[in-house]
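# Report on the structure
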Amino acid sequence: MAQVFRAAHMVRDLEPEDIRVLTGIELGMRRFEFVPMDQISYYSRILKSETEYRLNKLHKLGILQRNSQLGYVGYQLISESYDILALNTLTQQEIIIAVGDLIGRGKESDVYIAKLPNGKECALKIHRIGQTSFRQIRKLRNYIKNRRHISWLYVSRLSAESEYAALQKISQLKINTPVPYGQNRHMVVMSLIEGKLISTIPELENPEDILNQILNQIETLYLQGKMIHCDLGEFNIIITPDQKVQIIDWPQWESSDHPNAISYLTRDLSNINFFFRKNYHVDFDLDDFLFHLLE
Ligand SMILES: Nc1ncnc2c1ncn2[C@@H]1O[C@H](COP(=O)(O)OP(=O)(O)OP(=O)(O)O)[C@@H](O)[C@H]1O
Ligand SMILES: [Mg+2]
């Protein structure tokens, strides 16, 4: 069973005190790589004896990492326990009520179908930075540099927060991207986009029109949203059945005020130009486009 489904079952089966202990470890992990028992008791506001009982239970369930090589016994959340905490909050806040099939697996995320309280389907993107690869997220670099230990839980949360902030900003621009419904920890809930990645479509019906839509979106984002996607390419563009462009995958976006903004923008544009030139013998004048955009 996929980790997230086990986590969803646990959310149902665990007792509130178990969740509080997990939250206590999460708080403690800001200071400790492995959180000592008495700190967990303090953060979760549960008596030590009870905390000890809960920790043993959670460890037996396989959702805590224990380390006794430190001169004390310390505990750490693992990705499944982090999933439990995020799902617990998202369901308590009635943002989603169920998790369904896996629909996409990126380099640094798993994307599932989930169900909204009104019964409609949505997308649940679970950021999992640092477990497999670690694509450097520029925004996080400075932060990471200044920390003695940084957990991937924290980095994944920052990544989800950044993506959610982007989707919220974009939703005011009336251009096509997933609509954000909610976010907690490393999970983002957004509208489910019907369609196919442009990279998997054998032959676009009207490549010129699609290219124009993409360029218009880049322009609106830059001029009105002051945003740059920074990871734009054929793997992050969905074409809907009615031939509309939807740009996904936003955690690495940057503001147009960033010192390297022009170089990020140029890279996004080159990726698009390269893809269309190679596959459809269609392209645009990049310098010209930039010149008009920046004037
Ligand atoms: N809102 C959505 N609606 C439908 N499908 C989605 C949605 N968001 C993501 N997906 C699917 O999940 C896949 C992975 O999503 P996304 O590109 O956002 O993650 P990622 O881990 O950053 O990917 P990568 O790093 O490989 O580009 C996408 O290729 C797409 O197929
Ligand atoms: Mg992607």
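Rules behind the numbers
- Residues numbered from 1 in each chain as written.
- Chains lettered and ligands numbered in written order.
- Predicted model: local features only at pLDDT ≥ 70, side-chain atom pairs only at ≥ 80, totals over all residues.
- Heavy atoms only, no water.
- Helix = DSSP H or I, 4+ residues; strand = E, 2+ residues; numbered from the N terminus.
- Buried < 20%, exposed > 50% of the residue type's maximum accessible area, 1.4 Å probe, protein only.
- Contact = heavy atoms within 4.5 Å.
- Areas by Shrake-Rupley, 256 points an atom, 1.4 Å probe, with all protein chains shown as cover.
- Lys, Arg positive; Asp, Glu negative; His and termini not counted.
- Charge placed at Lys NZ, Arg CZ, Asp CG, Glu CD.
- Salt bridge = Lys/Arg side-chain N within 4 Å of Asp/Glu carboxyl O.
- Axes fitted to C-alpha atoms, helices over the stretch in contact; angles between N-to-C directions.
- Parallel < 35°, antiparallel > 145°, perpendicular 65-115°, else oblique.
- Left-handed = near helix turned anticlockwise from the far one by under 90°.
- Nonpolar A, V, L, I, M, F, W, Y, C, P; charged D, E, K, R; others polar.
- Pairing = 2+ DSSP bridges.
- Donors = N, O, S within 2.8 Å, 3.2 Å for Na, K, Ca; no water.
- Domains from an automatic or database assignment.
- Polar contact = N/O pair within 3.5 Å; in protein donor to acceptor, adjacent residues only side chain to side chain.

### Details of the overall build of the chain
On a plain count of helices and strands, the chain comes out with ten helices and 13 strands. Seen through its principal axes, the chain has C-alpha atoms that stretch 70 × 45 × 30 Å. For the chain, with 295 residues in total, the buried portion stands at 50%. Intrachain contacts of the chain at a sequence separation of at least 6 include 63% that bridge at least 24 residues. Carbon and sulfur atoms provide 49% of the accessible area of the chain, an area that totals close to 15000 Å². Each charge class in the chain was averaged separately, 34 positive and 36 negative side chains, and the resulting centres sit 9 Å apart.

### Some remarks on the pattern of salt bridges
The tally for this structure, following the rule as stated, stands at 16 salt bridges. The salt bridge partner of Asp13 is Arg12, with a shortest N-O separation of 3.9 Å. Take Arg12: its relative accessible area is 61%, and that puts it in the exposed class. A salt bridge links Glu17 to Arg54; the shortest N-O distance between them is 3.9 Å. Here the residue Glu17 occupies a position in helix α2 (residues 16-28), and Arg54 occupies one in helix α4 (residues 48-60), the gap between them amounting to 37 residues. A residue is classified by how much of its surface remains accessible, and Arg54, at 7% relative accessible area, is buried. Because the salt bridges share partners, they merge into one network encompassing Glu15, Glu17, Asp18, Glu50, Arg54 and Lys57.

### Overview of the packing of helix α8 (residues 207-223) against helix α10 (residues 286-294)
At a minimum axis distance of 11 Å, the contact between α8 and α10 shows a crossing angle of 30 degrees. As far as their axial angle goes, α10 and α8 are roughly parallel. You can see that α8 and α10 cross each other, and the crossing is right-handed. Residues Leu215, Ile218, Glu219, Tyr222 and Leu223 of α8 form the contact with α10, whose participating residues are Phe289, Leu293 and Leu294. Here the contact of α8 with α10 is built from residues that sort into seven nonpolar, no polar and one charged.

### Observations concerning the sheet that holds strand β6 (residues 121-127)
Strand order across the open sheet formed by five strands is β4-β5-β6-β8-β7, with antiparallel pairing between neighbours. Edge strands, defined here as strands with exactly one partner in the open sheet, are β4 (98-105) and β7 (180-184). This sheet shows a mean twist of 25 degrees between the axes of neighbouring strands, independent of strand direction. Sheet topology places β7 next to strand β8 (residues 187-191); four bridges connect them, and they run antiparallel. Its bridge partner being in β8, Pro180 is matched across the sheet by Met190. Contacts between helix α7 (residues 152-171) and the sheet are confined to β6, β7 and β8, with β7 contributing the most and set at about 160 degrees to the helix.

### What to know about the coordination of the magnesium ion (ligand 2)
By definition of the ideal shapes, four donors in a tetrahedron about a metal sit 109.5 degrees apart, and six donors in an octahedron sit 90 or 180 degrees apart. Taken together, Asn236 (OD1) and Asp249 (OD) make up the full set of protein donors to the magnesium ion (ligand 2), lying 2.1 to 2.2 Å away. Taken as a pair, Asn236 in the loop between β10 (227-228) and β11 (237-239) and Asp249 in the loop between β12 (245-247) and β13 (254-255) lie far apart in primary sequence, 13 residues in all. Comparing Asn236 with Asp249, the two get one shared label, buried.

### A look at the sheet that holds β12
Here three strands make up an open sheet; going across it, the order is β9-β11-β12 and the pairing antiparallel. Lying at the two open borders of the sheet, with one neighbouring strand each, are β9 (196-197) and β12. In terms of strand pairing, β11 meets β12 through three bridges, oriented antiparallel. When the bridges of β12 are listed, Ile238 appears paired with Gln246. The strands touched by α8 are β11 and β12; relative to β12, the strand with the most contacts, the crossing angle is about 40 degrees.

### Quick word on the domain arrangement of the chain
Under the domain assignment, the chain is made up of domain 1 (3-80), domain 2 (95-191) and domain 3 (196-294). Contact with domain 2, which involves 17 residues of that partner, is made by 21 residues of domain 3. Run the count over domain 2 and domain 3 and you get one salt bridge. The closest approach of N and O atoms between Asp249 and Lys125, which form a salt bridge, is 3.0 Å. Counting the contacts that link domain 2 with domain 3 gives six residue pairs in polar contact (both at pLDDT 80 or more). Contributing elements (two or more residues each) for the side of domain 2 that touches domain 3: β6, α6 (138-145) and α7. Broken down by element, the residue count for the side of domain 2 that touches domain 3 peaks at seven residues, all from α7.

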